[in-house]
Amino acid sequence: MAPPPIVRIEHVTKRFGDYPAVEDVSLDIAANELFALLGPSGCGKTTLLRMLAGFERPSAGRILIGGADMTTVPPNRRPVNMVFQSYAVFPHMTVADNVAYGLRVDGTPAGEIAPRVDAALEMVRLGGYKARMPEQLSGGQRQRVALARALVKRPKVLLLDEPLSALDRKLREDMQLELVRLQHEVGITFVMVTHDQEEALSMANRVAVMDAGRVLQVAAPRTLYENPTHRFVADFIGTMNSFDVEVRGVDGDRARVRHPLLGELEVARAAPHVIGGVLIVRPEKLRLDISGAAVAGEHLIDAVIEQVAYYGDLSFVFVRLDDGTRLQVSRYNVNRVDKGDPPPGTRCRVGVHPEDLLLVDDDG
Amino acid sequence: MLRRGPPPAPLDYTRRWWLRAWLALTFVFLYAPIAILVLFSFNDSRRNIVWQGFTLDYYVKAANNVSLLEAFSNSLVIAALSTVISVVLGGLLALALYRFRFPGRPAVEAANQLPIVVPEICMGVALLVFFAEVGWPRGLPWPLSLSNIVAGHVAFSFPFVAVVVRARLAGFDRAQEEASRDLGASEWQTFRRVTLPYMRPGLIAGGLLAMTLSLDDFVITFFTSGPDTLTFPVKVYSMVRFGATPEVNAASTVLIAITIALTVVAMRLQAPPKAGA
């Protein structure tokens, strides 16, 4: 039997006036997960996180943390701690006092505070910075203070609001690895809000993709990428090409569809609820065919190259089909002595394997 | 061909002689009258015009002038009380305006600015009429006899405190309060340990302002004080009417010294704690 979830969100709705920020969301988050809430700005992910922290009260529904109903419990009595987007490090306290704050207001015995503060700072590699004031720290170091300050309280769940958005690119990559390492080390459930799909995919065990207050899909990163259930999810995570098709019939997880250029074919169906919809295929699963050598099982479509974007390790080739559809094809630069990408205007064919096509919900 | 150097960098401007001269003139303009006032308080002359020699006589004389001392202590007590009350009221008002969105908030904010712009003479007359109308008790024992002056001073000083503290709070990251709550602090602990320390420089600056306004206020005090309550500015005014003696200078110098000392203390309190403690 699966262990009970550490966080259970039951049919939670949050309205601000008439505006529904979060609509009927239900989620279970397991202990020791690194869980990401992913979505564009305004999708409700931060509101959901703030409801977990206790800063917002749900208009409807329940929130359970560690099995206890926390729906109306104020933030200072919840077994969760948060790392704020602005870090919110207290500017008038030293690093050590910042980290000790949560223990002091709890009335932790003084003898216990110092070693715990030391351990927390050691964990985020700020051992030598105890006496510094926040203004003497870099953005990355301030974030580590915020992390230590939250972790020293040994919460059941650590909430992170856009933890990496304020850092520059190089630091962000380091911190991604660092956060994953910390999560393994402390064995605390992390719930992270982000709008950055790469961040969510590379860090999280599971990701919930949100749009307009609703959770569209909850899955492991690989599933989200390869088996998105909605057009929005496919679009938001990575790049995709789509074909509008006519669905001829469904049978289990397969569907028969018809497309003017591809003809009639049998493809995988993303989820049982998908009936009408679009066919999607990722750019790296299309093959640009110039020489004319066919690969078994492939459908070949005539096209003209319109534009090429060269990125070094790969090129994005944009082609136009006879019916006007634009496709994006990734072409990996695997040999150093390559003839290069064909110039715009070249006639070519695009190879599509039916197994790489997926029928998803056309949610607009 | 005439070769010009590179355009001056911002800090280079201070190296220009005419700018330095301008700066010096500004300081002379600002401080020469005060310097002369202080200097002539040591003048060994009945009148204040020609330097006759150094003496401390007028400090002794001022210290023995009972009614001057009474006025002086009245002023200090009034300033202390009205400053404390203004800081509390102004700080709370600023906090309310910063934190809450409520109907009529712009009106409250505008009403708060009003005592700052209303001419003092109007405030004075208004307070005079007000105290007469409500029948504010007269002839109370000291220091209750100062209560109407204190009330008048609070009325025009606390808006200044509110404005200063409000400006300070504009830079406050409310996530700090949330972080405090998140870490287990109650509302009150959060206010005392996070919000109040942030407001402190504003409260001190506002308090200094309120104190200065109260100490040297003449018009409003003149209108609100009873016939037998004297404050320092009012007393100095009455003394100067019979000729400005170095005694007045001496008393003023003491007041300046007290003000400067208080300002230094306030600045010290305001300085951020030293790192490495």
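Residues numbered from 1 in each chain as written. Chains lettered and ligands numbered in written order. Predicted model: local features only at pLDDT ≥ 70, side-chain atom pairs only at ≥ 80, totals over all residues.

Novice: Hey, could you go over the overall build of chain A for me, with residue numbers and the actual values?
Specialist: Scanning chain A for helices and strands turns up eight helices and 21 strands. Summarising its shape, the C-alpha atoms of chain A cover approximately 75 × 50 × 40 Å along the three principal directions. Counting the 364 residues in chain A, one finds 41% classified as buried. Of the contacts formed within chain A by residues at least 6 apart in sequence, a portion of 65% connects residues at least 24 apart. (Helix = DSSP H or I, 4+ residues; strand = E, 2+ residues; numbered from the N terminus. Buried ≥ 20, exposed ≤ 12 C-beta atoms within 10 Å, placed from the backbone. Contact = placed C-beta atoms within 7 Å.)

Novice: I'd love a proper account of the pairing of strand β17 (residues 299-310) of chain A, names of residues and values included.
Specialist: Residue and element names in this part refer to chain A. Note: β17 against strand β20 (residues 347-352), six bridges, orientation antiparallel. Across the sheet, the residue bridging to L300 is G351, located in β20. When β17 meets strand β18 (residues 314-321), the two strands line up antiparallel, connected through seven bridges. Within β18, the position partnered with V304 by the bridge is R320. In this antiparallel pair of consecutive strands, β17 and β18, the connection spans three residues, and G312 shows a positive phi of 95 degrees. (Pairing = 2+ DSSP bridges.)

Novice: How would you summarise the pairing of strand β3 (residues 34-38) of chain A if you had to cite specific residues and measurements?
Specialist: Consecutive side chains of a regular strand alternate in pointing toward one face of the sheet and then the other. Residue and element names in this part refer to chain A. Counting buried residues in β3 gives five out of five residues, a clear majority hidden from the surface. Here β3 shows no split at all, with L34, A36 and L38 on one side and F35 and L37 on the other all buried. Sheet topology note: the β3/strand β8 (residues 189-194) ladder contains five bridges and is parallel. Looking at the pairing, F35 lines up with V191 of β8. Examined bridge by bridge, β3 and strand β9 (residues 206-211) share four bridges and lie parallel to one another. Note that in β9 the partner of F35 across the bridge is R206.

Novice: How would you summarise helix α6 (residues 147-169) of chain B if you had to cite specific residues and measurements?
Specialist: Residues and elements named next belong to chain B. Compared with the 33 Å implied by 1.5 Å per residue over 23 residues, the 31 Å span of α6 between its first and last C-alpha is a close match. The sharpest bend along α6 comes to roughly 30 degrees, located at A155, with the proline P159 sitting one to four residues further on. By the criterion of burial, α6 is predominantly enclosed, with 18 of the 23 residues buried. (Expected span 1.5 Å × (residues − 1). Bend = angle between axes of the 7 residues up to and from the residue.)

Novice: Quick one: what's the story with the nonpolar core, residue by residue and with numbers?
Specialist: Among the nonpolar cores identified, the biggest contains 109 residues, and A:L52, A:V99, A:A148, A:L159, A:V191 and A:L279 are the most heavily contacted of them. Counting contributing residues, this core receives three or more from each of domain 1 (7-226) and domain 2 (286-354) of chain A. If we ignore the near neighbours within four places in the chain, the residues touching A:L52 are A:V7, A:I63, A:V80, A:L159 and A:V191. Among the nonpolar cores identified, the runner-up in size contains 23 residues, and B:I78, B:I149, B:M199 and B:L208 belong to it. (Core = buried A, V, L, I, M, F, W, Y, C linked by C-beta atoms within 7 Å. Domains from an automatic or database assignment.)

Novice: Explain the interface of chain B and chain A to me, using residue names and the numbers behind them.
Specialist: The partner chain A presents 21 residues to the 18 residues of chain B that form the contact. For the side of chain B that touches chain A, the secondary structure elements donating two or more residues are α7 (175-182) and α8 (187-215) of chain B. If you tally residues by element for the side of chain B that touches chain A, the top one is α7(B), at six residues. Here the side of chain B that touches chain A is composed, by residue class, of nine nonpolar, five polar and four charged. (Nonpolar A, V, L, I, M, F, W, Y, C, P; charged D, E, K, R; others polar.)

Novice: Could you give an account of the environment of B:Q113, with specific residues and numbers?
Specialist: If you trace the backbone, B:Q113 turns up in helix α4 (residues 105-117). Residues B:Q113 and B:F156 lie 43 residues apart in sequence; the distance between their C-alpha atoms is 9.8 Å.

Novice: Break down unusual backbone geometry for me, citing the residues and quoting the values.
Specialist: All names here are of chain A. Of note, A88 is a non-glycine position whose phi angle comes to about 50 degrees, a positive value. The residue A88 is located in the loop between β6 (80-83) and α2 (95-105) in this model. Note on A88: 24 C-beta atoms within 10 Å, which makes it buried. Backbone geometry places R154, a non-glycine residue, at a positive phi of 50 degrees. Tracing the backbone through its elements, the reader meets R154 in the loop between α4 (139-151) and β7 (157-161). In this structure R154 comes out as partly exposed when scored by C-beta crowding, with 14 C-beta atoms within 10 Å.

Novice: Tell me what's going on with the domain arrangement of chain A, and back it up with residues and numbers.
Specialist: Many structure descriptions define interface size as the accessible area lost when the parts assemble. Taken domain by domain, chain A comprises domain 1 (7-226) and domain 2 (286-354). Centre-to-centre, using C-alpha coordinates, domain 1 of chain A lies 43 Å away from domain 2 of chain A.

Novice: Which residues make up the sheet that holds β9(A), and what values do they have?
Specialist: Residue and element names in this part refer to chain A. The sheet built from six strands is open, its strands ordered β6-β7-β8-β3-β9-β10 with mixed pairing. The open sheet has two free edges, formed respectively by β6 and β10 (214-219), since each of these has just one partner strand. On average, each strand axis in the sheet is inclined to that of its neighbour by 20 degrees, with strand direction left out of account. One ladder, built from five bridges, connects β9 with β10; its direction is antiparallel. Each residue of the ladder has a partner; that of D211, found in β10, is R214. (Axes fitted to C-alpha atoms, helices over the stretch in contact; angles between N-to-C directions.)

Novice: Summarise the confidence of the model for chain B; cite the residues concerned and give the values.
Specialist: Residues and elements named next belong to chain B. A residue-level look at chain B finds 92% of positions with pLDDT of 70 or above and a mean pLDDT of 85. No element of chain B has a lower mean pLDDT than helix α11 (residues 246-270), at 83, and none a higher one than α7, at 95. Long-range and interchain partners of residues 273-277, a stretch whose pLDDT sits below 50, account for six contacts in this model, where long-range means more than four residues apart. On the interface metric, ipTM, the complex scores 0.83, and its pTM is 0.80. (pLDDT = per-residue confidence, 0-100.)

Novice: Give a detailed account of the packing of α6(B) against α8(B), specifying residues and quantitative values.
Specialist: Residues and elements named next belong to chain B. Axis separation between α6 and α8 bottoms out at 8 Å; the angle between their running directions is 155 degrees. Overall, the two elements α6 and α8 adopt an arrangement that is roughly antiparallel. Classified by chirality, the crossing of α8 by α6 is right-handed. Counted together, H153, F156, S157, F160, V161, V164, V165, R168 and L169 of α6 and M199, P201, G202, L203, A205, G206, G207, L209, A210, L213 and S214 of α8 form the full contact between these two elements. Across the contact of α6 with α8, the residue classes break down as 13 nonpolar, six polar and one charged. (Parallel < 35°, antiparallel > 145°, perpendicular 65-115°, else oblique. Left-handed = near helix turned anticlockwise from the far one by under 90°.)

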